[in-house]
Amino acid sequence: MKREWPKVRLGEVLRHRKEFVTIDDLTTYRRPRVQLHAQGIVLRDEVPGTLIKTKQQQVCRAGEFLVAEIDAKVGGFGVVPEALDGTIVSSHYFLFDLDEAKLERGFLDYFIRTLAFREQVEAQGSTNYAAIRPADVLGYEIPLPPLAEQRRVVARIEELAAQIHEACTLRHQTAEETEVLVASKVSHIFGNGQVEGWPGRTLGDYVLDDCYGTSEKTSDDSTGIPVLRMGNIQNGHLDLHDLKFLHLSEKERAKLILKQGDILVNRTNSADLVGKCAVFHVDRDFSFASYLIRLRVDQERAHPELVAAYINSPLGRAYMLSEKRQMTGQANVNATKLKALPIALPSLPEQRRILSELDALQVQVDAMRRVQTETTAELATLLPAVLDRAFKGEL
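Model, not experiment: these values are computed from the prediction. (Residues numbered from 1 in each chain as written. Predicted model: local features only at pLDDT ≥ 70, side-chain atom pairs only at ≥ 80, totals over all residues. Heavy atoms only, no water.)

Quick look at the nonpolar core
The line we're drawing: We define a nonpolar core as any set of buried Ala, Val, Leu, Ile, Met, Phe, Trp, Tyr and Cys residues linked to one another through side-chain atoms lying within 4.5 Å. Per-residue accessibility, obtained with a 1.4 Å probe over protein chains only, is compared with the maximum for each type, and a residue is labelled buried under 20%, exposed over 50%, and partly exposed between these values. Numbering of helices and strands runs from the N terminus; a helix is a DSSP stretch of H or I covering at least four residues, while a strand is a stretch of E covering at least two. Throughout, a residue-residue contact means that at least one pair of heavy atoms, one from each residue, lies within 4.5 Å.
Counting residues in hydrophobic clusters, the biggest one holds 38 residues, and the most contacted among them are Phe190, Leu203, Ile263, Leu295, Leu338 and Leu345. By residue number, the principal contributor to this core is helix 7 (residues 304-312), which donates six residues. If we ignore the near neighbours within four places in the chain, the residues touching phenylalanine 190 are Trp198, Leu306, Tyr310, Leu315, Ile343, Ala344 and Leu345. Leu14, Ala72, Phe96 and Val154 belong to the second-largest nonpolar core, a separate cluster that totals 37 residues.

Shown next as structure tokens:
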């Protein structure tokens, strides 16, 4: 049953507290970050007083309402959590004490996340002056039931929020499991292949030619040849966005223009990305940058898609990680080590059959991803809907 609650101005339950302390150069201070879109307050950093230029600062107390002067219109406000009691903020933030005889801090914390509150903040002042003043804050309205009712509403919101959080966690776990389905299947197939006696060789036994990409400086001049870089390899596929271009001589074209079925391998990247690869299947001239190695396999004996799937699988990843060299934060795998990758391949017809099986699995995975995306969008709307009902007295 819907409950009718009186609305009061925040000035009846909040008090603007404006007290400053002088920063001691020999003391270390914690500073909070007020996240936008009413996403709460987190620890920003810890700094020695000597690095804080503005020596007059305010000390936050747990449970106070903290508002960022400039960012309030984009949700830059929140209730100070217990963990951030004693953090400091400059004069560009406003702190408000709660009258906890009238207002439950949890009730305020959830209310400021509602669209009803955000709209009051966004409507304040002109678009040419985005800052919020303390008087503005004290003029916003909040529905105010008795304290017992506030606590009941907060408890109900937390109960529903916990259920939503659990659903989101399960959704995240399912997404992670979905992402590794195809790679795990590839590892399983190759593991069985070794048992079934597939001939064990090295990748180099199937490579007709390998080549490092161009180190020439690229540009945005699209009259040149598009150059694929390491960022264009995404999850085993080529992402053709964010391209750079280069004018190539005839001699360079013969070396650097990619052919259908070429495998591009990331030879320099972070440790979790080095060795990742994708197969080139674009009906247009493309070149590639020096951080990539181009492998051209003998397609009479090795299907590029299956070879790439193996390189990207947990088996291939384990090899790359064991052979990588780590330098200045970047991991490297050179062509010699890449071609030494042990690999066992069955006959070409069997490779094609395996790829058909993997393609069918990929179709299922893509369908699962679409459902998961829809579910994620639905979950994202649940808490706002719960809060909307709660502060309309319908919860």
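That shown, we press on.
A look at the pairing of strand 18 (residues 263-266)
Counted only if it meets this: When DSSP locates at least two bridges between a pair of strands, those strands are taken to pair.
The alternating pattern of strand 18 places Ile263 and Val265 and Leu264 and Asn266 on opposite faces, both of which are buried. Here strand 18 runs beside strand 20 (residues 277-279); their pairing, made up of three bridges, is antiparallel. Counterpart to valine 265 in the pairing with strand 20 is cysteine 277. Pairing of strand 18 with strand 22 (residues 292-297), which is carried by four bridges, proceeds in the antiparallel orientation.

Let's talk about the layout of surface pockets
Heads up, the rule is: A 1.4 Å probe that fits into a set of points on a 1 Å grid over the protein atoms alone but cannot get out defines a cavity; an open set with protein on both sides within 12 Å along at least five of seven lines defines a pocket, and lining residues are those with an atom within 4 Å of a point. Grid points are joined across faces, edges and corners, and a volume is the space filled by probe spheres set on the points. Classification used: nonpolar for Ala, Val, Leu, Ile, Met, Phe, Trp, Tyr, Cys and Pro, charged for Asp, Glu, Lys and Arg, polar for all others including Gly.
Size it by volume and the largest pocket reaches roughly 990 Å³. As for the largest pocket, its lining consists of 35 residues, and the residues nearest its centre are Asn235, Gly236, His237, Asn312 and Gln362. Where the lining of the largest pocket is concerned, the elements lending two or more residues are helix 4 (147-179), helix 5 (181-195), strand 15 (233-234), strand 16 (237-238), helix 7, helix 8 (314-323) and helix 10 (348-391). If one sorts the elements of the lining of the largest pocket by residue count, helix 10 sits on top with six residues. Here the lining of the largest pocket is composed, by residue class, of 16 nonpolar, 12 polar and seven charged. Estimates place the volume of the second largest pocket at around 580 Å³. Around the second largest pocket, the lining is made up of 26 residues, and of these Ala38, Gln39, Arg113, Leu383 and Leu387 lie nearest the centre. Those elements giving two or more residues to the lining of the second largest pocket turn out to be strand 8 (77-79), helix 1 (105-111), helix 2 (115-122), helix 4 and helix 10.

Digging into the pattern of salt bridges
For clarity, the threshold we go by: Should a side-chain nitrogen of Lys or Arg be within 4 Å of a carboxyl oxygen of Asp or Glu, the pair is scored as a salt bridge.
A full pass over the atoms with the stated rule returns 29 salt bridges. For arginine 31, the salt bridge identified is with aspartate 45, shortest N-O distance 2.9 Å. Here aspartate 45 lies in strand 5 (residues 41-48) and arginine 31 lies in strand 4 (residues 28-34), a separation of 14 residues in the sequence. Judged by relative accessible area, which is 18%, arginine 31 ranks as buried. Linking arginine 294 and aspartate 262 is a salt bridge whose minimum nitrogen-to-oxygen distance equals 4.0 Å. Remark: aspartate 262 occurs in the loop between helix 6 (250-256) and strand 18 and arginine 294 occurs in strand 22; sequence separation between them is 32 residues. Using a relative accessible area of 2% as the deciding quantity, one classes arginine 294 as buried. Residue classification places aspartate 262 among the buried positions, given a relative accessible area of 1%. Several salt bridges converge on common partners, so that one network encompasses Arg15, Arg17, Glu19, Arg61, Glu64 and Asp97.

Points about the packing of aromatic side chains
Stated precisely, the cut-off is as follows: Put simply, two rings from Phe, Tyr or Trp (the six-membered ring, in Trp's case) pair if the centres are within 6.5 Å, and we call them stacked under 30 degrees between planes, edge-to-face over 60, tilted for the rest.
Taken as a whole and assessed by the stated rule, the structure comprises 12 aromatic pairs. An aromatic cluster is present here, built from Trp5, Phe65, Phe77, Phe96, Phe107, Phe111, Phe117, Tyr140 and Phe391 joined pairwise through their rings.

Some remarks on the sheet that holds strand 18
Defined as follows: Axis definition: a line fitted to C-alpha atoms, limited for helices to the stretch in contact. Angles are taken between N-to-C directions and run from 0 to 180 degrees.
The strand order across the open sheet built from four strands is 13-22-18-20, with neighbouring strands paired in antiparallel fashion. The open sheet is flanked by strand 13 (207-212) and strand 20, the only strands paired with a single partner. Between one strand axis and the next, the sheet turns through 20° on average, direction left out of account.

Structural notes on the sheet that holds strand 17 (residues 244-246)
Taking strand neighbours across the sheet as the criterion, the three strands line up as 17-14-21 in an open arrangement whose pairing is mixed. Across the chains shown, the open sheet's two edge strands, defined by having one partner strand only, are strand 17 and strand 21 (287-288). Across three bridges, the pairing between strand 14 (residues 225-228) and strand 17 is antiparallel. Each residue of the ladder has a partner; that of valine 227, found in strand 17, is lysine 244.

Quick word on empty space enclosed by the protein
Scanning the model with the defined rule gives one cavity of 30 Å³ or more in all. Its boundaries defined by the atoms lining it, the largest cavity holds a volume of some 30 Å³. Around the largest cavity, the lining residues are Phe65, Val67, Ala72, Phe77, Phe117, Val121, Ile132, Val137 and Tyr140. Those elements giving two or more residues to the lining of the largest cavity turn out to be strand 7 (65-68) and helix 2. Broken down by class, the residue content of the lining of the largest cavity amounts to nine nonpolar, no polar and no charged.

Structural notes on the environment of leucine 295
Within the element layout of this structure, leucine 295 appears in strand 22. The class of leucine 295 is buried, set by a relative accessible area of 1%. Leucine 295 sits 56 residues away from glutamine 351 along the chain, and the two C-alpha atoms are 18 Å apart.

A few points about helix 7
Given 3.6 residues per helical turn, the α-helix brings residues three or four places apart onto the same face. Taking burial as the measure, the nine residues of helix 7 include eight buried ones, the bulk of the element. All of the buried residues in helix 7 are Pro304, Leu306, Val307, Ala308, Ala309, Tyr310, Ile311 and Asn312.

Here we look at the packing of helix 5 against helix 10
Here is the rule: Put simply, angles under 35 degrees are roughly parallel, angles over 145 are roughly antiparallel, angles from 65 to 115 are roughly perpendicular, and the rest are oblique. Put simply, a crossing is left-handed when the front helix is turned counterclockwise from the back one by less than a right angle, and right-handed when it is turned clockwise.
Two elements in contact, helix 5 and helix 10, have axes separated by 9 Å at closest approach and are oriented at 155°. One way to sum up the angle between helix 5 and helix 10 is to call them roughly antiparallel. Remark: the crossing between helix 5 and helix 10 carries right-handed chirality. The residues of helix 10 that touch helix 5, namely those facing Leu181, Val182, Lys185, Val186 and Ile189, are Ile354, Glu357, Leu358, Leu361, Gln362, Val365 and Met368. Looking at the contact of helix 5 with helix 10 residue by residue, the classes come out as nine nonpolar, one polar and two charged.

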